[in-house]
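Residue-level listing of the chains:
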Protein chains: 4
Amino acid sequence: MADGVVTPPADLGREFARRDGFMRHLGIKLHDVGSGTSELRMAVQSCHINFNGTCHGGALYALADSAFGFASNSHGILAAGIDTHMTYHVGVSEGEVLVAKAQEKSRSRRIAVYQVEILNSAGTLVAGFTGTVYITTRPNTGQDAVAS
Amino acid sequence: MADGVVTPPADLGREFARRDGFMRHLGIKLHDVGSGTSELRMAVQSCHINFNGTCHGGALYALADSAFGFASNSHGILAAGIDTHMTYHVGVSEGEVLVAKAQEKSRSRRIAVYQVEILNSAGTLVAGFTGTVYITTRPNTGQDAVAS
Amino acid sequence: MADGVVTPPADLGREFARRDGFMRHLGIKLHDVGSGTSELRMAVQSCHINFNGTCHGGALYALADSAFGFASNSHGILAAGIDTHMTYHVGVSEGEVLVAKAQEKSRSRRIAVYQVEILNSAGTLVAGFTGTVYITTRPNTGQDAVAS
Amino acid sequence: MADGVVTPPADLGREFARRDGFMRHLGIKLHDVGSGTSELRMAVQSCHINFNGTCHGGALYALADSAFGFASNSHGILAAGIDTHMTYHVGVSEGEVLVAKAQEKSRSRRIAVYQVEILNSAGTLVAGFTGTVYITTRPNTGQDAVAS
């Protein structure tokens, strides 16, 4: 099989979401996944709050990183995150509903770069994220466990 | 009160950990906190696993970011994360016990920079993290809620 | 004077460019500067080439970082870069003409975040950049030396 | 030839430095290169100064990125920078002499991560840098032009 030419099944995103224990544990919901894009949502609850009483930076990151994972694996080839950068702009409180939108900025044979923006209900950009993946040679179609 | 001269109570770290719902939800344990340093641990469980069957990058980040939060707030002044960078070196599996060690690299009146390293049980560096905080003028002694 | 309300002179960008020895040394040209935005250009010459025969990552960064500096100082208040992140997508050769476009993603009282994209003549995104500044209380109108 | 087993010639670093027009243009000097490490120096001159009268962030980065390039190519295999992060801690003035020390933090078959610290004459950490490379399959021994 040539690199990168796998046609992923139409329900690849749903299959990924079904298998992802971390997303489920944090209440991160898949809303949409396309070719190199994704949209995920998270309602901020008490389990996301840090010792200062606001949404933990790690919870915002978990949302962004999950969006990055869906977008970068949307082509049906296993892609592994190697490097990420996040900027935090505005504090987030319990009860807010956040949307993360990922898009592909660049994709070569082995390396691809994605940007994710997290918006709150008012449409304010609360955080920005850039992530780079290493593209493996293994298909990742949601049908075969990676470890098999 | 002059900036940065608050003497934090000896049990500041424990008080922070007690208040942090996100850490508790992910099983992140405080092991030690010093002046500009911290050490936290996390045993990788099924709630940390991603759709590829390995530890989610967001779970590793949550551990590193929490260590960053303890180290940067250890001086008793509220510090807010504004920017972070993470590199992922080695995959992590369920059952591994991870240690995150944070140290202060630089601290001026308003900005401070921390590095965190995550090691697995074998002592291998599985991820590296750099984070920058903005140092506010508010004391954060664990006795007063920030929002009060 | 209240923070952030300085009205910069219309020719602020030209004055900055006139004073900047590093830009001049590398052949970086100011094309446009607006409120929170800038556009700079650089023709890749032999002085930008690394030991592998392609444009040095530091030369691409110098272009992006300069665009970041103009955009973040465009409001007439001295802003100091504290943290930057760059992704390299496509190699660049001698003779190519690069354009860097900066835009403000977020600005609070003390912290602001900018993104810069570098495009080659074909319009391909060759590198992406995110930078954070600390906004000081000092006006920076191009008329007064900072050190004075 | 197996990946990564090239034995680079002893004078690889000097050969790289001889070919690097960007380093020469900025007065960056190679001091030492080892297996996954390097040390470079730069005396801050008027050609490094920005519009605020201090050393340009791009000049500090050029020094760090060059140290990253020597360390990551020290094994005799061409490595291409894909992602970098820099934190700026202390302003730097004309006349200061800076030292950049790079070290390898992680190296797998295709990806490696390096940290660089820039110190001023007083030994103060003025900036920190983390960079990731993609390791190609091409030898880079300083004897053959990459383009050949």
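No experiment lies behind these values; they were computed from the predicted model shown.

## Regarding the interface of chain C and chain A
Contact residues are listed per partner, giving 12 residues for chain C and 12 residues for chain A. Summed over both sides, the interface between chain C and chain A buries roughly 1000 Å², with carbon and sulfur atoms accounting for 53% of that surface. Considering only the surface of chain C that becomes buried against chain A, H85, H89 and K105 of chain C emerge as the three largest contributors, covering 39% of it. The tally of links from chain C across to chain A stands at two salt bridges. Ionic pairing is found between E117 of chain C and K105 of chain A, a salt bridge with its closest N-O pair at 3.0 Å. On inspection of chain C and its partner chain A, the count reaches four residue pairs in polar contact (both at pLDDT 80 or more).

## With respect to the pattern of salt bridges
Side-chain pairs of opposite charge can arise whenever the charged atoms involved come near each other. All names here are of chain B. Taken as a whole and judged by the stated rule, the model has 16 salt bridges over all chains. The residue E39 makes a salt bridge to R41 at a minimum N-O spacing of 2.9 Å. Residue class for E39 comes out buried when judged on its relative accessible area of 16%. A relative accessible area of 32% means that R41 is categorised as partly exposed.

## Focus: the relation of the copies chain A and chain B
For the match of chain A to chain B, the screw axis carries a shift of 0.0 Å, the RMSD comes to 0.0 Å, and the turn is 180°. Such values leave the two copies arranged in the relation of a two-fold axis. Closest approach to the rotation axis among the C-alpha atoms of chain A is made by H85 of chain A, whose C-alpha sits 2.2 Å away. When the interface residues of chain A are mapped onto chain B, 100% of them again lie at the interface, so the same face is used by both copies.

## Observations regarding the interface of chain A and chain B
Taken together, the contacts link 36 residues of chain A with 36 residues of chain B. When chain A packs against chain B, close to 2900 Å² is buried across both sides, 55% of that on carbon and sulfur atoms. One can count zero salt bridges joining chain A with chain B. Summed over the shared surface of chain A and chain B, the result is 23 residue pairs in polar contact (both at pLDDT 80 or more). Elements supplying a minimum of two residues to the side of chain A that touches chain B: α1 (12-19), α2 (21-26), α3 (57-72) and β3 (77-88) of chain A. Of the residues contributing to the side of chain A that touches chain B, the split by class is 15 nonpolar, 17 polar and four charged. In this sheet, strand β3 (residues 77-88) of chain B lies alongside β3 of chain A in antiparallel orientation, the contact comprising five bridges. Note on β3 of chain B: the bridge partner recorded for M86 of chain A is T84 of chain B.

## Remarks on the pairing of strand β2 (residues 37-43) of chain C
Residues and elements named next belong to chain C. The sheet contact formed by strand β1 (residues 28-34) and β2 spans six bridges and is antiparallel. Bridging from a neighbouring strand, K29 pairs with R41 of β2. In sequence, β1 turns back onto β2 through a hairpin of two residues, with G36 there showing a positive phi of about 80°. Summarising the sheet, β2 and strand β4 (residues 97-107) pair through seven bridges and their orientation is antiparallel. Residue pairing for β4: S38 is matched across the bridge by A102.

## Some remarks on the relation of the copies chain C and chain A
Mapping chain C onto chain A calls for a rotation angle of 180° and an axial translation of 0.0 Å; the resulting RMSD is 0.0 Å. With an isologous cut-off of 70% or more, the 100% of interface residues of chain C that recur at the interface of chain A puts this contact in the isologous class.

## Overview of helix α1 (residues 12-19) of chain C
All names here are of chain C. Restricting attention to buried positions, one finds in α1 the residues L12, G13, E15 and F16. Down the axis, α1 shows its buried residues gathered within 160° of arc, on one side only. Summarising the geometry of α1, the exposed residues directed more than 90 degrees from the buried face are R14 and R18. The secondary structure elements touched by the buried residues of α1 are β1 and α3 (57-72).

## Things to note about the packing of α3 of chain A against helix α3 (residues 57-72) of chain B
Packing of α3 of chain A against α3 of chain B leaves a shortest axis separation of 9 Å and a crossing angle of 160°. On the basis of the axis angle, α3 of chain A is roughly antiparallel to α3 of chain B. As α3 of chain A packs across α3 of chain B, the resulting crossing turns out to be right-handed. Only G57, G58, Y61, A62 and D65 of chain B of α3 of chain B make contact with α3 of chain A, whose side of the interface consists of G57, G58, Y61, A62 and D65 of chain A.

## Here we look at the environment of G57 of chain C
You can see G57 of chain C is positioned in helix α3. Residues G57 of chain C and D32 of chain C, 25 residues apart in the sequence, show an inter-C-alpha distance of 23 Å. If near-sequence neighbours (up to four positions away) are discounted, G57 of chain C is found in contact with Y88 of chain C together with Y61 and D65 of chain D.

Basis of the calculations
Residues numbered from 1 in each chain as written. Chains lettered and ligands numbered in written order. Predicted model: local features only at pLDDT ≥ 70, side-chain atom pairs only at ≥ 80, totals over all residues. Heavy atoms only, no water. Contact = heavy atoms within 4.5 Å. Buried area = accessible area lost by both parts, 1.4 Å probe. Salt bridge = Lys/Arg side-chain N within 4 Å of Asp/Glu carboxyl O. Polar contact = N/O pair within 3.5 Å; in protein donor to acceptor, adjacent residues only side chain to side chain. Buried < 20%, exposed > 50% of the residue type's maximum accessible area, 1.4 Å probe, protein only. Least-squares fit on C-alpha atoms with pLDDT ≥ 70 in both. Helix = DSSP H or I, 4+ residues; strand = E, 2+ residues; numbered from the N terminus. Nonpolar A, V, L, I, M, F, W, Y, C, P; charged D, E, K, R; others polar. Pairing = 2+ DSSP bridges. Arc of directions from axis to C-beta. Axes fitted to C-alpha atoms, helices over the stretch in contact; angles between N-to-C directions. Parallel < 35°, antiparallel > 145°, perpendicular 65-115°, else oblique. Left-handed = near helix turned anticlockwise from the far one by under 90°.

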